[in-house]
Amino acid sequence: MAIILPAGFNAFSAQTSGGMAGSFLNTGTGARALGMGGAYAGIADDTNSVYWNPAGLSLVRRDTVSATHILLYDEFRYDYLGFALPTLNSGDWGAAWMQLKSPEIEERDEFNAPLGTFFSTTSQAFFLSAGYSPDYDVGAGHTIKAVIKDGSAANWSLDTGASYSPFDEIKI
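So, here's what we can say about the structure. These figures come from a predicted structure and were not determined experimentally. Throughout this description, residue numbers start from 1 for each chain and increase along the sequence as written. Confidence filtering applies because this is a predicted model: local features only for residues at pLDDT of at least 70, side-chain atom pairs given and counted only at 80 or more, and all residues used for totals across whole chains, interfaces and linings. Hydrogens and water molecules were not included; the side-chain quantities draw on all heavy atoms of the structure.

1. So, the overall build of the protein
At step 1: For helices the rule is a DSSP run of H or I covering at least 4 residues; for strands it is a run of E covering at least 2, with both sets numbered from the N terminus onward. Across its full length, the protein carries three helices and eight strands.
At step 2: In the protein, the order of α-helices and β-strands from amino to carboxyl end is α-α-α-β-β-β-β-β-β-β-β.
At step 3: With 172 residues in all, the protein has 33% of them scored as buried.
At step 4: Long-range pairs, those at least 24 residues apart, make up 43% of the contacts in the protein between residues at least 6 apart in sequence. The buried label goes to any residue with under 20% of its type's maximum accessible area, the exposed label to any with over 50%, and the partly exposed label to all in between, with areas taken from a 1.4 Å probe on protein chains only. Whether two residues are in contact is decided by their heavy atoms: any pair within 4.5 Å suffices.

2. Section: the environment of R32
At step 1: Summarising the element assignment, R32 is placed in helix α2 (residues 31–35).
At step 2: By relative accessible area, R32 is classed as partly exposed at 43%.
At step 3: Sequence separation between R32 and N48 is 16 residues; the distance between their C-alpha atoms is 9.5 Å.
At step 4: Whenever two N or O atoms come within 3.5 Å, that pair is a polar contact, provided that in protein one can donate a hydrogen and the other can accept it, and provided that, for residues adjacent in sequence, both atoms are side-chain atoms. A distance of 3.2 Å separates polar atoms of two side chains, one belonging to R32 and the other to Y40.

3. Quick look at the layout of surface pockets
At step 1: Considered as a void within the structure, the largest pocket measures approximately 200 Å³ in volume.
At step 2: As for the largest pocket, its lining consists of 19 residues, and the residues nearest its centre are S58, L59, R61, D92 and S133.
At step 3: Of all the secondary structure elements, the ones that give two or more residues to the lining of the largest pocket are β6 (122–135) and β7 (138–149).
At step 4: Residue composition of the lining of the largest pocket, by class: seven nonpolar, eight polar and four charged. Definitions used for this entry: grid spacing 1 Å over protein atoms alone; cavity, a set of points where a 1.4 Å probe fits but cannot get out; pocket, an open set with protein on both sides within 12 Å along at least 5 of 7 lines; lining residue, one with an atom within 4 Å of a point. Grid points are joined across faces, edges and corners, and a volume is the space filled by probe spheres set on the points. Basically, the charged four are Asp, Glu, Lys and Arg, the nonpolar ten are Ala, Val, Leu, Ile, Met, Phe, Trp, Tyr, Cys and Pro, and anything else, Gly included, counts as polar.

4. Focus: the packing of aromatic side chains
At step 1: Think of it this way: a Phe, Tyr or Trp ring, Trp meaning its six-membered ring, pairs with another when their centres are within 6.5 Å, and the plane angle makes it stacked under 30 degrees, edge-to-face over 60, tilted otherwise. Tallied over the full model, the rule gives four aromatic pairs.
At step 2: Measuring from centroid to centroid gives 6.3 Å for Y51 and F127, while their planes differ by 65°, and the two rings are edge-to-face. One end of the pair, Y51, is in helix α3 (residues 49–52); the other, F127, is in strand β6, and 76 residues separate them in sequence. In this structure, Y51 and F127 share a single accessibility class: buried.
At step 3: Seen in terms of ring centroids, Y73 and F76 are 5.0 Å apart; in terms of plane orientation they differ by 35°. Their pairing is tilted.
At step 4: On the basis of relative accessibility, which here comes to 60%, the residue Y73 falls in the exposed class.

5. Examining the nonpolar core
At step 1: Side-chain atoms within 4.5 Å link the members of a nonpolar core, which is a set of buried Ala, Val, Leu, Ile, Met, Phe, Trp, Tyr and Cys residues. Core analysis: the largest hydrophobic core is formed by 18 residues, its most contacted members being F24, L25, V50, W52, M98, A125 and F127.
At step 2: Within the residue set of this core, elements represented by two or more residues are α3, β2 (77–86), β3 (92–101) and β6.
At step 3: With residues up to four places along the chain from it excluded, the contact list for W52 reads G28, T29, A33, G38, Y40, A41 and A44.

6. Looking at unusual backbone geometry
At step 1: Positive phi values are uncommon outside glycine, yet D74 reaches one of about 50°.
At step 2: Along the chain, the position of D74 falls in the loop between β1 (64–71) and β2.
At step 3: Using a relative accessible area of 56% as the deciding quantity, one classes D74 as exposed.
At step 4: Phi at N112 is positive, roughly 70°, even though this residue is not glycine.
At step 5: Relative to the helices and strands, N112 resides in the loop between β4 (105–108) and β5 (114–119).

7. Comments concerning a nonpolar patch on the surface
At step 1: On the surface, a cluster of nonpolar side chains totalling about 960 Å² of accessible area is made up of V65, L81, F83, L85, W93, L128, I144, W156 and L158.
At step 2: Sorting the residues of the nonpolar patch by element identifies β2 and β8 (153–164) as the ones contributing at least two each.
At step 3: With three residues, β2 is the largest single contributor of residues to the nonpolar patch.
At step 4: Residue classification places V65 among the exposed residues on the basis of a relative accessible area of 64%. Each patch is assembled from residues with relative accessible area greater than 30% and no salt bridge, linking like charges that lie within 9 Å and nonpolar side chains (Val, Leu, Ile, Met, Phe, Trp, Tyr) that lie within 5 Å. Residue burial considers only the protein chains on display, and all accessible areas are found by Shrake-Rupley using a 1.4 Å probe. For salt bridges, the criterion is a side-chain nitrogen of Lys or Arg within 4 Å of an Asp or Glu carboxyl oxygen.

As structure tokens, this is what we get:
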């Protein structure tokens, strides 16, 4: 019984997220953030703030670029490219692009016989962010996100983030 329940749970979770256009966004980005297991939203203070918490853009002090390239199983590729541009009077701006791309996969019928045709899939996300800090201790930000799967389906969302640093070493 203990083996059947977890196997059923894994099959259910694969069906509910694998085909969704934005499911690849759960991977995260940035070596520092991923090294912390994704517990990064509260301390985001670099280019990766575009993904984790746009309020962190208010802590970026110079133009920066961040890139991530991960080769996954069976030649799947995961890529991220982002930049942050702090300004003196117009807040801090950021933009990013993420992609999950599959290799060519051979199609098969219900009996697992090859059909002789191939397909691949690509999911992409585009981010445009703004962060501002009315006070050095407080930051706020917004990200507009577009998720596109195979060049046709688009989903849009708006993320809002905030940060508060009561002391130099503590961020909330």
